[in-house]
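Single-letter residue listing:
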Amino acid sequence: MAKKLLISLGFIISIFIFVLVPWKTNATALSDLAASMQPGTFATLSTNGLIVNPGAGCSAAYPNVRWLTDQLMNQIYPPAGTCDQITSYGMSMVWDNITNKVFYGGGAHNSYWRVISYDVASNTWSGVKGEYDPPQLGGHSYDGNTINSIRRLYIANTNDFFKTYHIDNGAWGTLPNIPLAGGSYWTTNTHSVKVFPDRDELLVADWFAGVWIYKFSDNTWTQKYSGYNYTAPGVTELISMGAYNNGSAYSSKHKFVIFGGGGGENYGTGREVYRYNL
């Protein structure tokens, strides 16, 4: 009996170690680099899938710019001679902690808007196929990338629409437009978007349209603060943040979001930063 007990206990301990102890075989280029770093330092991660821009004249003008090697994504940069790229004025990417992938969507000046991803396991960048194949005209991303990790949705915002990408099954979808009078809910894509996964909500902070909350559960928008050029009925408090480069950050622990900042005073806006308690 004692011998059987020891064998059973040894089996349980072996399973415990196999499941819970991280092994070196699971290491990645990213984890190796992180392990080599000291607190408070920066380092460059060398990745696959990017090459120097092959466009005429652009390599010399922008020697540090990298482009996707995937030929199906050859519109990741605009027509030859402009030397622009989809990361122009891009402020944020998003991380999916289930697949260990990074997602980013953006566009160059008056050119094509694309979505790309970085896979930690393979240390490789690639284009996200589907909705933007062929690419669509759009604009810079600014702070227009976010993720609802519970619903498994990467959300990309450019110009006057939201696109959703289901990370697990690859299906694309669209969120409803913010219901501003006159149709389009803003004229540019210089706003900040952020998902609150624990609340199943999405925040949009925009100098033109104000602050809006989208509820995934009932597919509705509600305005919380008025913007520079639009006020919904019953909403009177005006925000005055920058027309460009404004941002937002959410604390799930303390249940508030900080948004605003940015620049662009030529539009009659300020640079105030706000705290909104949820």
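The notes below deal with the structure included here. (Residues numbered from 1 in each chain as written. Predicted model: local features only at pLDDT ≥ 70, side-chain atom pairs only at ≥ 80, totals over all residues. Heavy atoms only, no water.)

Focus on the packing of aromatic side chains
One pass over the full model with this rule turns up eleven aromatic pairs. When the ring of Tyr214 is compared with that of Phe216, the centres are 5.0 Å apart and the planes differ by 80°; the resulting orientation is edge-to-face. Residues Tyr214 and Phe216 agree in their burial class; the two are buried. Every member of this aromatic cluster is reached through a ring pair, and the members are Phe103, Tyr154, Tyr165 and Trp172. When the ring centre of Phe256 is taken as origin, the NZ or CZ atom of Arg275, which lies over that ring, is 3.9 Å away. (Phe/Tyr/Trp six-rings, centres within 6.5 Å; stacked < 30°, edge-to-face > 60°. Buried < 20%, exposed > 50% of the residue type's maximum accessible area, 1.4 Å probe, protein only. Lys NZ or Arg CZ within 6 Å of the ring centre and 35° of its normal.)

A word on the sheet that holds strand S14 (residues 210–215)
Across the sheet, four strands lie side by side as S12-S13-S14-S15; this open sheet has antiparallel pairing. Taken across any chain shown, the strands that pair with only one partner, and hence form the sheet edges, are strand S12 (192–196) and strand S15 (220–225). In this sheet, neighbouring strand axes are inclined to one another by 20° on average, regardless of whether the strands run parallel or antiparallel. Here five bridges tie S12 to strand S13 (residues 201–206), and the two strands are oriented antiparallel to one another. Bridging across to S13, Lys194 finds its partner in Leu203. (Pairing = 2+ DSSP bridges. Helix = DSSP H or I, 4+ residues; strand = E, 2+ residues; numbered from the N terminus. Axes fitted to C-alpha atoms, helices over the stretch in contact; angles between N-to-C directions.)

Description of the pattern of salt bridges
As enumerated under the stated definition, the model contains seven salt bridges in all. The closest approach of N and O atoms between Arg151 and Asp200, which form a salt bridge, is 2.7 Å. Note that Arg151 is positioned in the loop between strand S8 (145–148) and strand S9 (153–158) and Asp200 in the loop between S12 and S13, a separation of 49 residues in sequence. In this structure, Glu201 and Arg199 form a salt bridge, with 3.1 Å as the shortest nitrogen-oxygen distance. We classify Arg199 as partly exposed; its relative accessible area is 32%. Among the ionic contacts, a cluster of salt bridges with common partners joins Asp96, Arg152 and Asp168. (Salt bridge = Lys/Arg side-chain N within 4 Å of Asp/Glu carboxyl O.)

Some points on the sheet that holds strand S18 (residues 273–277)
Judged by pairing direction, the sheet is antiparallel, and its three strands sit side by side in the order S16-S17-S18 without closing on themselves. Of all the strands in the sheet, the pair left with one neighbour each is strand S16 (247–251) and S18. Looking at each pair of strands side by side, their axes are set apart by 15° on average, direction ignored. Here S16 pairs with strand S17 (residues 256–260) via five bridges, running antiparallel. Bridge assignment links Ala249 to a residue of S17, and that residue is Ile258.

Some remarks on unusual backbone geometry
Despite not being glycine, Asn100 shows a phi value in the positive range, around 55°. As for its placement among the helices and strands, Asn100 is situated in the loop between strand S3 (94–96) and strand S4 (101–107). At Asn123, a position not held by glycine, the phi torsion is positive, near 60°.

Concerning the nonpolar core
Core analysis: the biggest nonpolar cluster contains 30 residues, and Phe162, Leu202, Leu203, Phe216, Trp221 and Phe259 have the highest contact counts within it. Taken together, the elements giving at least two residues each to this core come down to S9, S12, S13, S14, S15 and S17. Those residues in contact with Trp221 that sit more than four places away from it in its chain are Phe162, Pro176, Asn177, Ile178, Pro179, Leu202, Val204, Trp212, Ile213 and Tyr214. (Core = buried A, V, L, I, M, F, W, Y, C linked by side-chain atoms within 4.5 Å. Contact = heavy atoms within 4.5 Å.)

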